[in-house]
Amino acid sequence: MRKGKYGSIQTDFLGFIRNEQYDLVPDIEEAITVRRIFRYYYEGNSVGVIKKRMEEEGFETGAGKKQWWASVIDRILDNEKYMGDALLQKTYTVDFLTKKSVKNTGQLNQYYVTDCVDALIPKKSILKFRK
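Fair warning: this is a prediction, and the values are worked out from it, not measured in the lab. (Residues numbered from 1 in each chain as written. Predicted model: local features only at pLDDT ≥ 70, side-chain atom pairs only at ≥ 80, totals over all residues. Heavy atoms only, no water.)

Visitor: What am I meant to see in helix 1 (residues 28-42) here?
Guide: Residue pairs spaced three or four apart in an α-helix point in one direction, given the helix's 3.6 residues per turn. Under the 1.5 Å per step criterion, the end-to-end length of helix 1 is 21 Å for 15 residues, consistent within 8% with the ideal 21 Å. Between the side-chain oxygen of the N-cap and the backbone nitrogen of E29 there are 3.0 Å, and the N-cap of helix 1 in question is D27. Within two residues after helix 1, G44 carries a phi angle of roughly 100°, on the positive side. (Helix = DSSP H or I, 4+ residues; strand = E, 2+ residues; numbered from the N terminus. Expected span 1.5 Å × (residues − 1). Polar contact = N/O pair within 3.5 Å; in protein donor to acceptor, adjacent residues only side chain to side chain.)

If you want it as structure tokens, here you go:
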């Protein structure tokens, strides 16, 4: 991580799929969904309105569900991977036997890697609207 090597263990990540090398690469169809969420947000819609519109228009979540949760949309809007970056060690495993992980609130170093995945949303757009 210190060397800026990025590797995500997350498997279902809206807007991305895994290639043969297990790297995250944009999924053309799902990228449309992600861009729509950001577009609605840039137009001034609240997360609740975006949720309703996504359901009305039949967009599916990363898990393939038709029902959206405002918290999921909020996490999408806050996720740096959509602009091509990654914050490493957001969580960490406290018990390797149970695989229990918790949010890293300063217990371990975090590493920010820029331009490690193909951006779905221009960096300038995200930084301008999400503060």
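This is not the end of the story, as more comes after the structure.
Visitor: Looking at this structure, I do not really get the packing of helix 2 (residues 47-56) against helix 3 (residues 70-78). What am I missing?
Guide: Helix-helix packing: each pair is described by the crossing angle between the helix axes and the interaxial distance. Between helix 2 and helix 3, the least distance of the axes is 9 Å, while the angle of their chain directions is 105°. For the element pair helix 2 / helix 3, the angle class is roughly perpendicular. Residue-level contacts link V47, I50 and K51 of helix 2 to A70, I73, D74 and L77 of helix 3. Each residue belonging to the contact of helix 2 with helix 3 can be placed in one class, and the counts come to five nonpolar, no polar and two charged. (Axes fitted to C-alpha atoms, helices over the stretch in contact; angles between N-to-C directions. Parallel < 35°, antiparallel > 145°, perpendicular 65-115°, else oblique. Contact = heavy atoms within 4.5 Å. Nonpolar A, V, L, I, M, F, W, Y, C, P; charged D, E, K, R; others polar.)

Visitor: Is there a simple way to think about the packing of aromatic side chains in this case?
Guide: What characterises a pair of aromatic rings is the spacing of the ring centres plus the angle enclosed by the ring planes. This model, assessed by the stated rule, comprises five aromatic pairs. A ring pair is formed by F13 and Y82, whose centres lie 5.4 Å apart and whose planes are at 40°; its orientation type is tilted. Residue F13 is located in the segment before strand 1 (16-18), and its partner Y82 is located in the loop between helix 3 and strand 3 (86-88); the two are separated by 69 residues in the primary sequence. Side by side, F13 and Y82 carry an identical accessibility label, which is buried. Between F38 and Y42 the ring centres are 6.0 Å apart and the planes differ by 55°, which places this aromatic pair in the tilted class. (Phe/Tyr/Trp six-rings, centres within 6.5 Å; stacked < 30°, edge-to-face > 60°. Buried < 20%, exposed > 50% of the residue type's maximum accessible area, 1.4 Å probe, protein only.)

Visitor: Which parts of the structure should I look at to understand the side chain of N104?
Guide: Positionally, N104 belongs in the loop between strand 5 (100-103) and strand 6 (111-113). You can call N104 buried: its relative accessible area is 6%. Here Q89 takes part through its backbone oxygen, which lies 3.0 Å from a polar atom of the side chain of N104. A distance of 3.0 Å separates a polar atom in the side chain of N104 from the backbone nitrogen of G106.

Visitor: Mind showing me how you'd approach the pattern of salt bridges here?
Guide: Close approach of charged atoms allows side chains of opposite charge to pair. All chains considered together, the criterion is met by ten salt bridges. E57 is the partner of R36 in a salt bridge, and the nearest nitrogen-oxygen pair spans 2.8 Å. Residue R36 is found in helix 1, and its partner E57 is found in the loop between helix 2 and helix 3; the two are separated by 21 residues along the sequence. Residue R36 is classed as partly exposed on the basis of its relative accessible area, which comes to 22%. Of the residues examined, E57 reaches a relative accessible area of 36% and is grouped as partly exposed. Among the salt bridges present, the one from D115 reaches K123, with a minimum N-O distance of 3.2 Å. For K123, a relative accessible area of 27% translates into the label partly exposed. (Salt bridge = Lys/Arg side-chain N within 4 Å of Asp/Glu carboxyl O.)

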